[in-house]
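Structure at a glance
The lines below spell out each chain.
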Amino acid sequence: MCNRISHTIFLMNSVFLAHYFAGAPFRLTHYFLLLGIATFCILPEEIEAGPRLAYLALLFQGLGHISLEFVGASS
């Protein structure tokens, strides 16, 4: 269980850091919280390095960007 918690926190922080370093504005939404809970429930206890880990990180990054609801676009 400790591994799942640390992996989930790592993945969520990676989305925040990517937005911060890119200078993209964002707001925390309830979707991001749901993504974190779903990630915790879905992740296996042990994650082996390889293509499955890369796919998981890519999928989480994409969903994380969508769930942060960008506010930088103007009409």
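We now turn to the structure provided with this report. (Residues numbered from 1 in each chain as written. Predicted model: local features only at pLDDT ≥ 70, side-chain atom pairs only at ≥ 80, totals over all residues. Heavy atoms only, no water.)

Close contact between helix α2 (residues 30–42) and helix α3 (residues 51–67) brings their axes to 8 Å; oriented N to C, the two are set at 155 degrees. Relative to α3, the element α2 is oriented roughly antiparallel. Once α2 is placed against α3, the crossing between them reads as right-handed. Listed contacts from α3 to Y31, F32, L35 and T39 of α2 are F60, L63, G64 and S67. Partitioned by chemical class, the residues of the contact of α2 with α3 number five nonpolar, three polar and no charged. (Axes fitted to C-alpha atoms, helices over the stretch in contact; angles between N-to-C directions. Helix = DSSP H or I, 4+ residues; strand = E, 2+ residues; numbered from the N terminus. Parallel < 35°, antiparallel > 145°, perpendicular 65-115°, else oblique. Left-handed = near helix turned anticlockwise from the far one by under 90°. Contact = heavy atoms within 4.5 Å. Nonpolar A, V, L, I, M, F, W, Y, C, P; charged D, E, K, R; others polar.)

Between helix α1 (residues 2–22) and α2, the least distance of the axes is 9 Å, while the angle of their chain directions is 145 degrees. Considering how the two elements wind past one another, α1 and α2 form a crossing that is right-handed. Across the interface between the two elements, R4, I5, T8, L11, M12, V15 and F16 from α1 touch F32, G36, T39, F40 and C41 from α2.

Just distances and angles here, no functional claims.
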